[in-house]
Amino acid sequence: QTLTNACEEHERKLDDLNELLKDQAEISEDLSLKQQELLLEFNSLELDAKIFEDVQRQLTLQCHAAEVERSHLSNVRLHTALFDIVVDERGLRYPLINNLRLSHRPKSDLQWNEINAAWSQASQLIMLVCNEIKFTSTNFGIVPLVSCAKIKEVDSTGKNIYHHLGVDTESSMGSKTTTQMIENIIIPLQAFCNLLHQMFLHIKSSKFDGFMIPFEMSAYTVDKYDLRLLKENDDVSWGDVLHCIACNLQYLAQLA
């Protein structure tokens, strides 16, 4: 009887051990599955980390390229890029602005359409610089038009006077008669130079370091020439005047 009881007890312990082994096997299998899941997640994280490194490297390269481009752009002078002014130092050729000849009157193959366009470009340069330096004249202003630019002058009585830097084909409808009546733009150029002179005075008063225009200007003079005294057909003197104006515009475009 004692041996039977011992055998039965031994069998129960074996059953208990078998149950424990079964539980242990299930736990082991569960742990193995979880380990595989963790390995998959780890591999996924490692792949994500590599992708992140690649993206970070690409962004760093893009930032560096953007900084290089910003540095290059900071060295670009906008007005010089927009307005290409070419001056013949010998004064033998018309000064050019964006390949357009600056002149006070038509002559030979130089006609009003080119003169209009040239002074329109010069007026746009003045407008841009005036806006940049926050300058507004009390009695002069520029009115840009498609056909030709205008200088608006407010006289002592408060009346508006418009000086055309060329032939206003919009108002005259391109009339040949009107075009023939206009022989030069001497008076409008006086107004243009007066406005330019006022702007230069404003820049000087702003204590701009190193500002010194190539040729001095006053309300009616350019270098040694009094514009009120120059004759229309004095091509030598007007050539010098236009040379001086173009040099000052060139200096202004490079300075701004």
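The structure this text deals with has already been given above.
These figures come from a predicted structure and were not determined experimentally.

Peer 1: Where do I start with the sheet that holds strand 1 (residues 85-86) in this structure?
Peer 2: One key point about sheets: their strands pair by backbone hydrogen bonds, in either a parallel or an antiparallel sense. Spatial ordering of the open sheet is given by 1-2-3, a layout of 3 strands whose pairing is antiparallel. Sheet topology places strand 1 and strand 3 (100-101) at the edges, where each strand pairs with a single neighbour. Note: strand 1 against strand 2 (residues 96-97), 2 bridges, orientation antiparallel. Bridge pairing in strand 2 places Val 86 opposite Leu 96.

Peer 1: Please clarify how the state of the cysteines should be interpreted in this entry.
Peer 2: Cysteine pairs can be covalently joined through their sulfur atoms, and such a bond is termed a disulfide. Using the criterion set out here, one finds 0 disulfides in the structure. With no disulfide of its own, Cys 193 lies closest to Cys 244 among cysteine sulfurs, the gap being 9.7 Å. Taking relative accessible area as the criterion, Cys 193 reaches 1% and is therefore assigned buried.

Peer 1: Got a minute to help me understand a negative patch on the surface in this structure?
Peer 2: On the surface, Glu 8, Glu 11, Asp 15, Asp 16, Glu 19, Asp 23, Glu 26 and Glu 29 cluster together into a patch of negative charge. Along the chain, the position of Glu 26 falls in helix 1 (residues 2-74). Residue Glu 26 is classed as partly exposed on the basis of its relative accessible area of 45%.

Peer 1: Looking at this structure, I do not really get the packing of helix 3 (residues 112-133) against helix 7 (residues 235-255). What am I missing?
Peer 2: What describes two packed helices is the angle between their axes and the distance between those same axes. Between helix 3 and helix 7, the shortest axis-to-axis distance is 11 Å and the interhelical angle comes to 40°. The angle between helix 3 and helix 7 places the two elements in the oblique class. The handedness of the crossing between helix 3 and helix 7 is left-handed. Of helix 7, the residues touching helix 3 (which contributes Trp 119, Ala 122, Leu 125, Ile 126 and Val 129) are Leu 242, Ile 245, Leu 249, Leu 252 and Ala 253.

The rules behind each value
- Residues numbered from 1 in each chain as written.
- Predicted model: local features only at pLDDT ≥ 70, side-chain atom pairs only at ≥ 80, totals over all residues.
- Heavy atoms only, no water.
- Pairing = 2+ DSSP bridges.
- Helix = DSSP H or I, 4+ residues; strand = E, 2+ residues; numbered from the N terminus.
- Disulfide = S-S within 2.5 Å.
- Buried < 20%, exposed > 50% of the residue type's maximum accessible area, 1.4 Å probe, protein only.
- Patch = residues over 30% accessible without salt bridge, like charges linked within 9 Å, V, L, I, M, F, W, Y side chains within 5 Å.
- Areas by Shrake-Rupley, 256 points an atom, 1.4 Å probe, with all protein chains shown as cover.
- Salt bridge = Lys/Arg side-chain N within 4 Å of Asp/Glu carboxyl O.
- Lys, Arg positive; Asp, Glu negative; His and termini not counted.
- Charge placed at Lys NZ, Arg CZ, Asp CG, Glu CD.
- Axes fitted to C-alpha atoms, helices over the stretch in contact; angles between N-to-C directions.
- Parallel < 35°, antiparallel > 145°, perpendicular 65-115°, else oblique.
- Left-handed = near helix turned anticlockwise from the far one by under 90°.
- Contact = heavy atoms within 4.5 Å.

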